[in-house]
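Observations on chain architecture
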Amino acid sequence: MKTFMPKAADITRKWYVVDAEGLALGRVASQVANILRGKNKPIYTPNVDTGDYVIIVNASKVILTGKKLDQKIYYKHSGYVGGLKETKYRKLLAEKPEEALRHAVVGMLPKGPLGRAMAKKMKIYAGAEHEHAAQQPEKLEL
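Figured I'd write up the structure that's included with this text. Values in this document were obtained by computation on a predicted structure and should not be read as measured data.

**Details of the nonpolar core**
Ranked by internal contacts, the top residues of the largest apolar core, which has 28 residues, are Val32, Ile56 and Val105. The set of elements that each furnish at least two residues to this core consists of strand 1 (15-19), helix 1 (25-37), strand 2 (53-57), helix 3 (89-95), helix 4 (97-106), helix 5 (113-119) and strand 5 (122-124). The leading source of residues in this core is helix 1, at seven residues. With sequence-adjacent residues up to four places away left out, isoleucine 56 is seen in contact with Val18, Ala20, Val32, Leu101, Met122, Lys123, Ile124 and Tyr125. With five residues, the next largest nonpolar core counts Trp15, Val17, Ile55 and Tyr125 among its residues.

Rendered as structure tokens:
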């Protein structure tokens, strides 16, 4: 008996739409990361990108539980001495809700070229409209 190892030609990718309205940020991020990695498929292999495309709509209506909205801080660094910038999630969700969700999902993906390739299959929109109707995405309930 031989072990099946999927190749790029064996993988069929589907498109899913996830409505994040009223859902917790971390729960949405972990389930989307599993779909991007392909962990929901029987052909999952850790070193091969077997995941599907995910479109996330209503990213501005995602919620954080407890006091995280004021206590959770998003950090980024410019690369220069003293260049650490910090932003509270209340401000980040108000200005760039797509980036808050992207930061959460990318943190749950593998680091390196494989994780970056998986992250490119995620499209995030603050509102309810998206421009991927031609791909005929399936609605996914989380």
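**A look at the packing of helix 1 against helix 4**
The contact between helix 1 and helix 4 brings their axes to 8 Å, and the two run at 55°. The pairing of helix 1 with helix 4 is recorded here as oblique in orientation. As for how helix 1 packs across helix 4, the hand of that crossing is right-handed. Across the interface between the two elements, Leu25, Val28, Ala29, Val32, Ala33 and Leu36 of helix 1 pack against Ala100, Leu101, Ala104 and Val105 of helix 4. Its residues placed into classes, the contact of helix 1 with helix 4 shows ten nonpolar, no polar and no charged.

**What about the packing of aromatic side chains?**
The geometry of an aromatic ring pair is captured by two quantities: the separation of the ring centres and the angle between the planes. One pass over the structure, following the stated rule, counts one aromatic pair. A centroid spacing of 4.3 Å and a plane angle of 5° characterise the contact between tryptophan 15 and tyrosine 53, whose relative ring orientation is stacked. With tryptophan 15 in strand 1 and tyrosine 53 in strand 2, this pair connects stretches of sequence that are 38 residues apart.

**Re the pattern of salt bridges**
Proximity of charged atoms lets side chains of opposite charge pair with each other. One pass over the structure, following the stated rule, counts six salt bridges. Close ionic contact of lysine 121 with aspartate 49 constitutes a salt bridge, the shortest N to O distance being 2.5 Å. Pair noted here: lysine 121 is in the loop between helix 5 and strand 5 and aspartate 49 is in the loop between helix 1 and strand 2, with a separation of 72 residues, a long-range link. In this structure, lysine 121 and aspartate 49 share a single accessibility class: buried. Across the pair arginine 90 and aspartate 70 runs a salt bridge whose closest N-O atoms are separated by 2.7 Å. One end of the pair, arginine 90, is in helix 3; the other, aspartate 70, is in helix 2 (residues 68-71), with 20 residues separating them in the sequence. Taking relative accessible area as the criterion, arginine 90 reaches 45% and is therefore assigned partly exposed. Here the salt bridges do not stand alone but share partners, grouping Arg13, Asp49 and Lys121 into one network.

**Description of the sheet that holds strand 2**
Sheet architecture is open: four strands sit in the order 5-2-1-6, paired in parallel fashion. At either end of the open sheet lies a strand with only one pairing partner, and these are strand 5 and strand 6 (138-140). The sheet shows a mean angle of 25° between the axes of neighbouring strands, taken without regard to direction. Inspection of the sheet shows strand 1 paired to strand 6 by three bridges, in the parallel sense. Counted as the bridge partner of valine 18 is leucine 140 from strand 6.

Cut-offs used in this document
- Residues numbered from 1 in each chain as written.
- Predicted model: local features only at pLDDT ≥ 70, side-chain atom pairs only at ≥ 80, totals over all residues.
- Heavy atoms only, no water.
- Core = buried A, V, L, I, M, F, W, Y, C linked by side-chain atoms within 4.5 Å.
- Buried < 20%, exposed > 50% of the residue type's maximum accessible area, 1.4 Å probe, protein only.
- Helix = DSSP H or I, 4+ residues; strand = E, 2+ residues; numbered from the N terminus.
- Contact = heavy atoms within 4.5 Å.
- Axes fitted to C-alpha atoms, helices over the stretch in contact; angles between N-to-C directions.
- Parallel < 35°, antiparallel > 145°, perpendicular 65-115°, else oblique.
- Left-handed = near helix turned anticlockwise from the far one by under 90°.
- Nonpolar A, V, L, I, M, F, W, Y, C, P; charged D, E, K, R; others polar.
- Phe/Tyr/Trp six-rings, centres within 6.5 Å; stacked < 30°, edge-to-face > 60°.
- Salt bridge = Lys/Arg side-chain N within 4 Å of Asp/Glu carboxyl O.
- Pairing = 2+ DSSP bridges.

Everything listed is a geometric property; what it means functionally is a separate question.
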